[in-house]
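Below are the chains, spelled out letter by letter.
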Amino acid sequence: TVSFNTGFDDITVPSQTVDFDKYITKPEVKKIGYRLDGWYKDKEFNQVFDFVNDTLIKNVTLYAKWTQMSDVVVTFWWCDGTEDTAGTVSTNSVTYGTKVAKPADPVRTGYNFKGWYADEEYKEEFDFDQEITSEVSVYAKWEMNSTPTPTPSSDDVKPTPTPDTPSTDDPTPTPTPTPDTPSTDDPTPTPTPDTPSTDDQNKSDDSNKSTVVRVKPANTYVAGEKINIHELYFPYLSSIDKYRVSDKKTASIGKRGVLKGRRAGTVKVEAIRGKGKKAMVVATCEVTILSKPKLKFKEYTTLGEVDNAYNYFNTADIGTAVDKWQSTKPGVATIDAKTGEIHIVGKGTTKIYAYFGNCKVKAKLKVKPS
């Protein structure tokens, strides 16, 4: 006979009786917030029992070895990883071994929501009944409404001028202007009157470092970030047959106009209508890709300490602004979502996430009070 000691009063496993020198069946047990590391022949967990090779030759008691696990982060990509707008990313922290709640169906102008998927290619629907034991990303799938926005007849549309040479005679809007010639049609958010100016951002006064709201430069993204060029720069264009970038090593772009930065550099994007000899560039834009920064925090020893996460990037000037900051354990350290200001409030370890659109950078932050 073999008895099983789970180590928890609320988890019991029936004993098994088998013939001499026979195999026993491995019991299936779970504990929310814990990972089962195996069954052992002794209380000190020195001798593991092998259910494949070990047979029962005498009465024994087996002991379950557990490891308590931290909460697991589930990230929801609401706008399919293609839009650099507020609210496109949200995270839930769930207890290890539990299920994540299915959020309400999101709404997006001009699109129909088609469900939540476990991969960016939308090949497998996400199973909300599964137990979460590791970090997971979930992607919203969208389908453009079948009724397109009316556009001028192709017979009447002239090739759209580039942002550097806008034409007032063109009946369609022009692509996004460069930062030197901003307009109200620029899809890149512009600073409000309350947003600190560039001069304010560069002040050396330490008292201002943690309260500065940094401004993201227009047409600037980080490597790894996905940008829907069509929606941001050419929403007025229809029947685009192809998109092309000037440097494929710096960025790649798909048929739907979704660009992904690969390395630092500037690329020109062309929207092409027609095929073969009839192919014609109808619009262009230019975007800058920055190197993806890295984060590494110091170890904190003083509760109540105030710091700023921007100080811990691998370069003093990352060339852009973080869209959103997040701490997975606010009981250890809180962080202002806009400014990156950190407040050390408790002992332990938390993960700090810096979101650049749909691309994230993360690092552990440890607090060990002296």
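Residues numbered from 1 in each chain as written. Predicted model: local features only at pLDDT ≥ 70, side-chain atom pairs only at ≥ 80, totals over all residues. Heavy atoms only, no water.

Draft legend 1. Spotlight on the overall build of the chain. Check the secondary structure of the chain and you find two helices and 20 strands. For the chain, the residues scored as buried account for 42% of the 370 residues in total. Contacts in the chain between residues at least 24 apart in sequence constitute 59% of all its contacts with a sequence separation of at least 6. (Helix = DSSP H or I, 4+ residues; strand = E, 2+ residues; numbered from the N terminus. Buried < 20%, exposed > 50% of the residue type's maximum accessible area, 1.4 Å probe, protein only. Contact = heavy atoms within 4.5 Å.)

Draft legend 2. How the structure looks around the pattern of salt bridges. Considering all chains together, one arrives at 12 salt bridges under this definition. Across the salt bridge formed by Asp54 and Lys41, the nearest N and O atoms sit 3.6 Å from each other. Residue Asp54 is found in the loop between strand 2 (34-40) and strand 3 (60-68), and its partner Lys41 is found in the loop between strand 2 and strand 3; the two are separated by 13 residues along the sequence. Linking Lys216 and Glu225 is a salt bridge whose minimum nitrogen-to-oxygen distance equals 3.5 Å. For the pair Lys216 and Glu225, one class covers both residues: buried. The structure contains a network of salt bridges with shared partners spanning Glu135, Lys351 and Lys362. (Salt bridge = Lys/Arg side-chain N within 4 Å of Asp/Glu carboxyl O.)

Draft legend 3. Up close: the confidence of the model for the chain. On average, residues of the chain carry a pLDDT of 79, and 78% of them reach 70 or more. In this model residues 80-87 is a low-confidence stretch, pLDDT under 50, and it forms 22 contacts with partners more than four residues away in sequence or in other chains. Here residues 148-210 is a poorly scored stretch, pLDDT under 50, and it has 74 contacts once near neighbours within four places are set aside; other chains count. (pLDDT = per-residue confidence, 0-100.)

Draft legend 4. Local environment of the sheet that holds strand 20 (residues 359-367). Read across the open sheet, the three strands follow the order 16-19-20; overall the sheet is antiparallel. This sheet does not close on itself; its edge strands, each paired only once, are strand 16 (324-327) and strand 20. Between one strand axis and the next, the sheet turns by 20° as a mean value, whatever way the strands run. Sheet analysis places strand 19 (residues 348-356) next to strand 20, joined by nine bridges and oriented antiparallel. Considered in strand 20, the bridge of Ile352 is made with Ala363. (Pairing = 2+ DSSP bridges. Axes fitted to C-alpha atoms, helices over the stretch in contact; angles between N-to-C directions.)

Draft legend 5. Local environment of the nonpolar core. Counting residues in hydrophobic clusters, the biggest one holds 26 residues, and the most contacted among them are Leu295, Phe297, Phe313, Trp325, Ile342 and Leu365. At the level of elements, strand 17 (333-335), strand 18 (341-344), strand 19 and strand 20 are the ones that each hand at least two residues to this core. In this structure Ile342 touches Phe297, Tyr300, Glu305, Val306, Asp307, Asn308, Ala309, Ala333, Thr334, Ile335 and Leu365, once residues within four positions along its chain are discounted. Ranked by size, the runner-up nonpolar core spans 23 residues in total, among them Ile229, Ile240, Val282 and Val287. (Core = buried A, V, L, I, M, F, W, Y, C linked by side-chain atoms within 4.5 Å.)

Draft legend 6. The arrangement of the side chain of His230 in detail. Residue position: His230 is located in helix 2 (residues 229-233). On the accessibility criterion, His230 (17% relative accessible area) is buried. Discounting chain neighbours no more than four positions away, the residues touching His230 are Pro235, Leu237, Tyr243, Arg256 and Gly257.

Draft legend 7. Focus on the side chain of Thr6. Position of Thr6 among the secondary structure elements: in the loop between strand 1 (2-5) and strand 2. Looking at Thr6, the relative accessible area reads 2%, which means it is buried. Within polar-contact distance, the side chain of Thr6 engages the backbone oxygen of Phe8 at 3.0 Å. Those residues within four positions of Thr6 in sequence are excluded, and the remaining contacts are Ile11, Val13, Trp39, Ala64 and Trp66. (Polar contact = N/O pair within 3.5 Å; in protein donor to acceptor, adjacent residues only side chain to side chain.)

Draft legend 8. Focus on the packing of aromatic side chains. In the structure shown here, the tally under the stated rule is 19 aromatic pairs. Ring centres of Phe8 and Tyr34 lie 5.2 Å apart, and the angle between their planes is 65°; this geometry places the pair in the edge-to-face category. Here Tyr34 lies in strand 2 and Phe8 lies in the loop between strand 1 and strand 2, a separation of 26 residues in the sequence. Directly above the aromatic system of Phe8 lies the positively charged group of Lys31, at a separation of 4.7 Å from the ring centroid. Here Arg214 stacks its cationic end above the ring of Tyr310, 3.8 Å away from the centre of that ring. (Phe/Tyr/Trp six-rings, centres within 6.5 Å; stacked < 30°, edge-to-face > 60°. Lys NZ or Arg CZ within 6 Å of the ring centre and 35° of its normal.)

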